[in-house]
Amino acid sequence: GFEAAISSRIIDKPGIAWDLTLSGSTTKNKILELGEGVSPIFVGFYQQHRAGYPAGGYWAPTVSFNDADGNGIIDQSEVSLSDSAVFRGSALPTKEASLNSQLAVFGGKVVIGTQFDYRGGHLVDNSLEQFRCFSVQNCRGLYDPTASLEEQALVQATFLPGGGHSVAFLEPG
């Protein structure tokens, strides 16, 4: 990976000081080997350690769909699942950035600070939405015809044979 930071004192006067820091990083990891006869190692429902892939990467079947009748509503007959789980993406952020600001007043007796963070390049598992859609059947993709076709397809895929808890509700982090 790569990491960099820039810090600066914007104001430096008696009784007041303002510091600003911008930092960012990238990271990439890959498991080279797990040991003879060991693969994969399951970390959670969808996360696995596999040689040649990022640590704890997400593995799940892919969902494909086609609004064959063009009515804007996806039903089970328009959805299919891949036969096996495939690598879907990293569970760890591959890009991070932050902006920190600190204002000191009254000679440093009062300090106010803030921080803004960004993390991206990874996937997150929205297991709450999966539970709402599959277990309690109360989610937007199931009942709202204005939900995206992709959202509707993901929900319908959970009800296919073999769907259920094998369909991951993975979203960009």
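Predicted model only: the values in this text are computed from it and were never measured.

### A look at the overall build of the chain
What the chain contains, in helices and strands, is 3 helices and 12 strands. By the compact-globule yardstick of 16 Å for 173 residues, the chain is too spread out, its C-alpha radius of gyration being 23 Å. Referenced to the eigenvectors of the C-alpha coordinate spread, the extents of the chain come out at roughly 70 × 50 × 25 Å. Per-residue burial over the chain gives 27% buried out of 173 residues. Restricting the contact set of the chain to residue pairs at least 6 apart, pairs at least 24 apart contribute 53%. Counting only carbon and sulfur atoms, one obtains 56% of the accessible surface of the chain, whose full area is about 10,800 Å².

### Digging into helix α3 (residues 149-158)
Within α3, 7 of the 10 residues are buried, which leaves it mostly tucked inside the rest of the structure. Residues of α3 that are buried include every one of Gln152, Ala153, Leu154, Val155, Gln156, Ala157 and Thr158, and no others.

### Describing a nonpolar patch on the surface
Together, Ile6, Leu22, Leu99 and Phe116 make up a nonpolar patch on the protein surface, roughly 400 Å² of accessible area in all. Residue position: Phe116 is located in strand β10 (residues 110-120). Residue Phe116 is classed as exposed on the basis of its relative accessible area, which comes to 52%.

### Here we look at the state of the cysteines
The final tally for this structure, using the stated rule, is 1 disulfide. At a sulfur-sulfur separation of 2.1 Å, the disulfide partner of Cys133 is Cys139. Judged by the torsion about the S-S bond (120 degrees), the Cys133/Cys139 disulfide is right-handed. The same class applies to Cys133 as to Cys139, namely buried.

### Some points on the sheet that holds strand β4 (residues 47-49)
Reading across from one edge, β3-β4-β5-β8 is the order of the 4 strands in this open sheet, with antiparallel pairing throughout. If you trace the sheet from one side to the other, it starts and ends with β3 (41-42) and β8 (86-89), each paired once. Of the strand pairs in this sheet, strand β5 (residues 57-60) and β8 are connected by 3 bridges, and their pairing is antiparallel. Considered in β8, the bridge of Trp59 is made with Phe87.

### A short note on the environment of His165
On the secondary structure map, His165 appears in the loop between α3 and β12 (170-172). In the structure, His165 is positioned 79 residues away from Val86 in sequence and 15 Å away in space, judged by C-alpha atoms. Discounting chain neighbours no more than four positions away, the residues touching His165 are Tyr46, Gln130, Phe134 and Ser135.

### Some words on unusual backbone geometry
With a phi close to 55 degrees, Phe106 is a non-glycine residue in the positive phi region. Counting through the fold element by element, Phe106 comes out in the loop between β9 (95-105) and β10. Backbone geometry at Gln137 places phi at a positive 50 degrees, although glycine is not the residue there. Examined against the element boundaries, Gln137 turns out to sit in the loop between α1 (127-135) and α2 (140-143). Taking relative accessible area as the criterion, Gln137 reaches 39% and is therefore assigned partly exposed.

### Details of α1
Among all positions of α1, only Glu129, Gln130 and Cys133 are buried. Along α1, the residues classed as buried sweep out an arc of 100 degrees about the axis, all on the same side. Positive backbone phi, approximately 50 degrees, marks Gln137, located one or two places after α1.

Cut-offs and rules
Residues numbered from 1 in each chain as written. Predicted model: local features only at pLDDT ≥ 70, side-chain atom pairs only at ≥ 80, totals over all residues. Heavy atoms only, no water. Helix = DSSP H or I, 4+ residues; strand = E, 2+ residues; numbered from the N terminus. Rg over C-alpha atoms; globule rule 2.2 N^0.38 Å. Buried < 20%, exposed > 50% of the residue type's maximum accessible area, 1.4 Å probe, protein only. Contact = heavy atoms within 4.5 Å. Areas by Shrake-Rupley, 256 points an atom, 1.4 Å probe, with all protein chains shown as cover. Patch = residues over 30% accessible without salt bridge, like charges linked within 9 Å, V, L, I, M, F, W, Y side chains within 5 Å. Salt bridge = Lys/Arg side-chain N within 4 Å of Asp/Glu carboxyl O. Disulfide = S-S within 2.5 Å. Pairing = 2+ DSSP bridges. Arc of directions from axis to C-beta.

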